[in-house]
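# Notes for the structure review
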Amino acid sequence: MKTWFITGGTPGGFGMAYAEAALDNGDRVALTVRRPDELRQWAQRHGDRVLVLPLDVTDPTAVEQAVRAAEEHFGGIDVLVNNAGRGWCGSIEGMADADVRRMFELNFFAVLSVIRAVLPGMRARGSGWIINMSSVAGLRGIDGFGYYSASKFALEAVTEVLRAEVAPLGIRVLAVEPGAFRTRAYAGFADEALQETITEYLPMLEYVRKAMIDEDGNQPGDPQRGVRAVLAAMAQDAPPQRLVLGSAGFDAVVATLEDTLADVRASETLSRGADFPGA
C-alpha cells in the first residue's frame, strides 16, 4: 500500500483523478486543497485512507506543515504529485509584473517547496516517485500564455535535472505534459476580464481567450484516462522520463521538436564555426 501526496485537489481536476485512481488501487491519499469543505463528503466515504489538508502551496511554511502532517498520519509519502497550478492570459510585453511573479510563485516556486519538503523522507527510505504535472506548453510555447509557458519550461528543466540527481537514491521522477483536458482549467476565463496594458495585443489575446471559452467542456482529454496512462507508465520496467497526454498534444509536441531539430541542424556550420580552430 502506497501513500500519495497530491496538491491541487480541486473537484473535477487532475488532482482528484489521481486521488480516485490511487484509492481504487488500494492506496492512501493526502490531498491538499484551498477549500477543504468542498471535499468533506468525498473524504468521509473513504475513511482513514484519505487525509484532506488545507494548503496554499505558495506558503513555504504551510507546505512544510502539510507534508509533516501527512507523514505523521500515514508514516511516510511514497508518491508526490505536484498538480497545483494555473495560467493567466497576457502578452510578454504587457502582462503586469505582479501577475508574472504570481504565476511563477504558483507554477514553479511552490513546486520546489513541495519537492524539498518531501525529499528528505524519500531519501531516508531510499525510494519514491515524484510526478510533476507540466503541460504541452512546457515543450511548446503558447501565444498569449508566454509566461505560463515559461513557468512550465522552467519546471521541465528542474524535473530533468532532479531526475538525474535523485536516481541513485532510488527515487524516480516523471514529467507529465497534458494537452487540452476536460477539467475546470478553462472555466474561469469567461468571468475574468483581460488585464492587458497594451492595446495592440488585445486582438490576439481576445482570440486566444475566446477559443478557450468555446472549448471549455469540450476538451478532448479525459482526466481519468490520462491518470491511468500515468500509472501505466510508472509500472513499466523502464518508465519514460516524460509522458505527453492527449492525441493533439502528442502531435503538437512531436511537430515542435522535429521543427526545432531541423532548425538547429540548418545552422550546424555556423554553430561548429564558433570554436577555436582545431578545437
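Predicted model only: the values in this text are computed from it and were never measured. (Residues numbered from 1 in each chain as written. Predicted model: local features only at pLDDT ≥ 70, side-chain atom pairs only at ≥ 80, totals over all residues. Heavy atoms only, no water.)

Below, the discussion takes up the pairing of strand β2 (residues 28–33). Of all six residues in β2, five are buried; the element is thus mostly enclosed. Where strand β1 (residues 3–6) and β2 come together, four bridges link them in parallel fashion. Along β2, the bridge assignment pairs I6 with L31. Handedness of the β1-helix α1 (residues 14–24)-β2 crossover: right-handed. Inspection of the sheet shows β2 paired to strand β3 (residues 50–54) by five bridges, in the parallel sense. Looking across to β3, one finds that V33 is bridged to P54. With helix α2 (residues 40–45) bridging β2 and the parallel β3, this β-α-β connection has right-handed handedness. (Buried < 20%, exposed > 50% of the residue type's maximum accessible area, 1.4 Å probe, protein only. Helix = DSSP H or I, 4+ residues; strand = E, 2+ residues; numbered from the N terminus. Pairing = 2+ DSSP bridges. Right-handed = clockwise from strand over helix to strand, strands pointing away.)

This part covers the layout of surface pockets. Estimates place the volume of the second largest pocket at around 200 Å³. If you go around the second largest pocket, you meet 14 residues; those closest to its centre are W88, C89, A193, L194 and Q195. Of the residues assigned to the lining of the second largest pocket, the class counts are seven nonpolar, two polar and five charged. (1 Å grid on protein atoms, 1.4 Å probe; cavity = no way out; pocket = protein on both sides within 12 Å on 5 of 7 lines; lining within 4 Å. Points joined across faces, edges and corners; volume = space filled by probe spheres on them. Nonpolar A, V, L, I, M, F, W, Y, C, P; charged D, E, K, R; others polar.)

This part takes up the pattern of salt bridges. By the definition in use, this model includes eleven salt bridges. With a shortest N-O distance of 2.8 Å, E71 and R68 are connected by a salt bridge. Placement of both E71 and R68 in helix α3 (residues 60–74) is noted, with a separation of three residues, approximately one turn of the helix. By sharing partners, the salt bridges in this structure join E64, R68 and E71 into a single network. (Salt bridge = Lys/Arg side-chain N within 4 Å of Asp/Glu carboxyl O.)

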